[in-house]
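Coordinate inspection notes
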Amino acid sequence: MALRPVMVNIKALDHSAVGRFWAKALGWSAYSPGVTTYVGPPGGLVWPDPVTIGIDVVPVPEAKAAAKNRVHLDLATASAAHRAELVARLKALGATPADVGQGDVPWTVLADPEGNEFCVLEPREIYRDTGPIAAVVVDCADPRAMARFWGGAMDWTLLEVTDDRAVWRSAKSVGPYLEFLRTPGGKTVPDRVHLDLLPGPGDDKAAEVVRLRALGATDLDVGQGEVPWTCLTDPEGHEFCVLAPSH
């Protein structure tokens, strides 16, 4: 038994507007299957997507805090011209430049219309086949500890672990990477962006939650009440949810 990441969950005051932004940013479609806005590849809603990680934009009453999100998306580009075109298009859609202390770097840091930071990367060979999302990136204090927890939690392949980073990708070598990067500073506010994980078909969600607790996960109460998913935090306090199997 193991889990796989299926969605990045983004909280927003205006979930429809933020969902439309991300759909246009990625060249995907925004779907409204319920009270949230789900952003996934075009051609009709397929969930869970067999290749990529979707985006689920969830309405909340609170605006984003000034603190930098601990989870963000890196977007892939194919050439310098593509990166310049994408940055210009994103700004026209409502993205704004963001300063997170990055200094002089070859990538561009932007924020979506509600201030959620993301990066438009310079062309990198490693991301040439990921699709529009190159990586989901998580700030952390100890990548090796995160490798132990998340390596046990997920069915993805751990490709690299050092003192500075831990990197996974789907065992099928498709879709985006998941990267935990050593970053100064710890958690100061609730996570605005988090991962949602899904058990495999036929797996028992309750058993998966018990297994995660044994690995070091902690139960999280965000006022969710009686819901079919389970909210947890990893050993560094990153919030995530375990969803109910789709079938």
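Report follows, based on the coordinates.

What counts, and where the lines are drawn
- Residues numbered from 1 in each chain as written.
- Predicted model: local features only at pLDDT ≥ 70, side-chain atom pairs only at ≥ 80, totals over all residues.
- Heavy atoms only, no water.
- Pairing = 2+ DSSP bridges.
- Helix = DSSP H or I, 4+ residues; strand = E, 2+ residues; numbered from the N terminus.
- Contact = heavy atoms within 4.5 Å.
- Axes fitted to C-alpha atoms, helices over the stretch in contact; angles between N-to-C directions.
- Salt bridge = Lys/Arg side-chain N within 4 Å of Asp/Glu carboxyl O.
- Buried < 20%, exposed > 50% of the residue type's maximum accessible area, 1.4 Å probe, protein only.

**Things to note about the sheet that holds strand β11 (residues 165-169)**
Here we have eight strands laid out as an open sheet, ordered β6-β7-β8-β5-β9-β12-β11-β10, and mixed in their pairing. Here the strands that pair on one side only, and so sit at the sheet edges, are β6 (96-97) and β10 (157-161). Pairing of strand β5 (residues 71-75) with strand β8 (residues 117-120) involves three bridges; the strand directions are parallel. Paired with Leu75 across the two strands is Val120, which belongs to β8. Contacting β5, β6, β7 (108-111) and β8, helix α2 (residues 80-93) crosses the sheet at an angle of about 150° to β8. Strands in contact with helix α3 (residues 143-153) are β9 (133-140), β10, β11 and β12 (177-182); relative to β11, the strand with the most contacts, it is inclined by about 25°.

**Side note on the pattern of salt bridges**
Taken as a whole and judged by the stated rule, the model has 15 salt bridges. Notably, a salt bridge pairs Arg169 with Asp129, separated by 3.2 Å at the nearest N-O pair. A residue pair is termed long-range when its members are at least 10 positions apart, and Arg169 in strand β11 and Asp129 in the loop between β8 and β9 qualify at 40 residues. The closest approach of N and O atoms between Arg211 and Glu208, which form a salt bridge, is 2.9 Å. Of the two residues, Arg211 and Glu208 both sit in helix α4 (residues 205-215), three residues apart, roughly one turn of that helix. By relative accessible area, Arg211 is classed as partly exposed at 21%. Linked through salt bridges whose partners overlap, the residues forming this network are Arg70, Lys187, Asp191 and Glu239.

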